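This is what each chain is made of:
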Amino acid sequence: MPIRFEKGTLNRQLTPSTLVIDRHAEVAARALQALDKSALSTMVKPVLAEK
């Protein structure tokens, strides 16, 4: 289910940012740019492999 925000609540000129949170609720990776599917997958795979 996509996250929806009310119209006018987000600034479209902000820098794209992505945080990957691990199982311990810590930031495992971050990117301050737009990501394609490959780059996002590279960030998420190590976190998913954690036990």
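About the thresholds
Residues numbered from 1 in each chain as written. Predicted model: local features only at pLDDT ≥ 70, side-chain atom pairs only at ≥ 80, totals over all residues. Heavy atoms only, no water. Helix = DSSP H or I, 4+ residues; strand = E, 2+ residues; numbered from the N terminus. Rg over C-alpha atoms; globule rule 2.2 N^0.38 Å. Buried < 20%, exposed > 50% of the residue type's maximum accessible area, 1.4 Å probe, protein only. Contact = heavy atoms within 4.5 Å. Lys, Arg positive; Asp, Glu negative; His and termini not counted. Charge placed at Lys NZ, Arg CZ, Asp CG, Glu CD. Expected span 1.5 Å × (residues − 1). Bend = angle between axes of the 7 residues up to and from the residue.

> Got a minute to help me understand the overall build of the protein in this structure?
Each helix and strand in the protein was counted, giving one helix and two strands. In sequence order, the protein lays out its α and β elements as β-β-α. Relative to a compact globule of 51 residues, whose C-alpha radius of gyration would be 10 Å, the protein shows 13 Å and is clearly more extended. Counting only C-alpha atoms, the protein reaches 40 × 20 × 20 Å along its principal axes. Taking all 51 residues of the protein together, the buried fraction comes to 12%. Long-range contacts, defined here as pairs at least 24 residues apart, represent 25% of the contacts in the protein between residues at least 6 apart. Within the protein, the 5 negative side-chain charges are centred at a point lying 9 Å from the centre of the 8 positive side-chain charges.

> For this particular structure, what's the right way to read unusual backbone geometry?
Not every positive phi belongs to a glycine, and A25 is a case in point at roughly 65°. Summarising the element assignment, A25 is placed in the loop between β1 (18-21) and β2 (27-31). A relative accessible area of 63% places A25 in the exposed class.

> Please explain helix α1 (residues 37-49) as it appears in this structure.
Turn by turn, an α-helix covers 3.6 residues, leaving residues three or four places apart pointing in a common direction. Between its terminal C-alpha atoms α1 stretches 18 Å, which fits the 18 Å expected from 13 residues at 1.5 Å a residue. Along α1, the helix axis deviates most sharply at M43, where the bend reaches about 25°; the proline P46 sits within four residues downstream.

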